[in-house]
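This is what each chain is made of:
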Amino acid sequence: MLTIALSKGRILNQTLPLLKKAGLEIANEELNSRKLILDTNLDDVKVIIIRATDVPVFVQHGAADIGIAGKDVLLEHGANGLFELLDLGIAKCKLMVAATSDKQLEQNILKVATKYVNSARNYFESKGQSCEVIKLYGAMELAPVVGLSHCIVDLVDTGNTLKANGLIPLDHIENISSRLVVNSASFKTKNLQIKNWVEAIEDNL
Ligand code: AMP
């Protein structure tokens, strides 16, 4: 049995067609049900649909063999126990630093509001910039406007959300897209099955 963990939300809608092209289908009744473990057209493959941030956790601990999640989530989680095998090239965006002006970045200790605390800390540490990272779960754009932080680290696609809140994109940290990761132990024990799936998906990208 192979278990694949998929991220809920915007990635899921773009992932299902890729899996279908590779020969893996989930019936609408399964997708629309309240079941957490979904059957597929193949007896030996099951799919679980969970929060994006939980995907690397399930894969790292072997509760899923394969996972599909954004690079933002994977960077934040760390690579422990995971192999990243494929860039699916979907849900593309950028992880960026944004503020009301570039002057805001000139601080002895930069206050950074973000959901991506590890990525933000790593980025500023690599530049030799001392920072205080404030963890938020949403509405990051508000933080610099109300004086909670000097800047934010967040995902930017069109830039419209930043613009609507009077922020400008400044430093580019990482290009983000969805990646296929595997549990490193599964990769040894189920090597052929996993390789076949990865190749089937890659051939149809
Ligand atoms: P935009 O206004 O198009 O720049 O989109 C920015 C908002 O959408 C931010 O709140 C991001 O957190 C979210 N966002 C954009 N692209 C993605 C993505 N690929 N995955 C997850 N969230 C995203």
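What counts and what doesn't
Residues numbered from 1 in each chain as written. Predicted model: local features only at pLDDT ≥ 70, side-chain atom pairs only at ≥ 80, totals over all residues. Heavy atoms only, no water. Helix = DSSP H or I, 4+ residues; strand = E, 2+ residues; numbered from the N terminus. Buried < 20%, exposed > 50% of the residue type's maximum accessible area, 1.4 Å probe, protein only. Near = heavy atom within 4 Å. Polar contact = N/O pair within 3.5 Å; in protein donor to acceptor, adjacent residues only side chain to side chain. Areas by Shrake-Rupley, 256 points an atom, 1.4 Å probe, with all protein chains shown as cover. Nonpolar A, V, L, I, M, F, W, Y, C, P; charged D, E, K, R; others polar. Salt bridge = Lys/Arg side-chain N within 4 Å of Asp/Glu carboxyl O.

Colleague: Which residues make up the environment of Val73, and what are the values?
Modeller: Along the chain, Val73 turns up in helix H4 (residues 71-77). A relative accessible area of 11% means that Val73 is categorised as buried. Considered as a pair, Val73 and Leu180 are 107 residues apart in the sequence and their alpha carbons are 12 Å apart.

Colleague: Residues and numbers for the site of the ligand, please.
Modeller: The ligand sits among Arg10, Ala91, Cys93, Glu141, Asp154, Leu155, Val156, Asp157, Thr158, Gly159, Asn160 and Thr161. At 2.9 Å from a nitrogen atom of the ligand is found a main-chain nitrogen or oxygen belonging to Ala91. Measuring from an oxygen atom of the ligand, one finds a side-chain N or O atom of Thr158 at 2.5 Å. Protein coverage of the free-state accessible area of the ligand, which is 490 Å², stands at 77%. Only strand E9 (151-156) and helix H7 (160-164) provide two or more residues apiece to the shell around the ligand. Counting residues per element, the shell around the ligand draws most heavily on E9, which supplies 3 residues. Its residues placed into classes, the shell around the ligand shows 4 nonpolar, 4 polar and 4 charged.

Colleague: I'd like a rundown of the pattern of salt bridges, residues and numbers included.
Modeller: Oppositely charged side chains are able to pair whenever their charged atoms sit close together. Under the criterion given, the structure shown has 8 salt bridges. One salt bridge in this structure joins Asp39 and Lys46, with 2.8 Å as the shortest N-O distance. Look at Asp39 and you get partly exposed, because its relative accessible area is 34%. One salt bridge connects Lys190 with Asp65, and the closest N-O pair in it is separated by 3.1 Å. Taken together, the residues span a long stretch of sequence, with Lys190 in the loop between helix H8 (184-189) and helix H9 (191-203) and Asp65 in the loop between helix H3 (55-60) and strand E4 (66-70) at a distance of 125 residues. Overall, the relative accessible area of 24% leaves Lys190 in the partly exposed class. Given a relative accessible area of 5%, Asp65 falls into the buried group.

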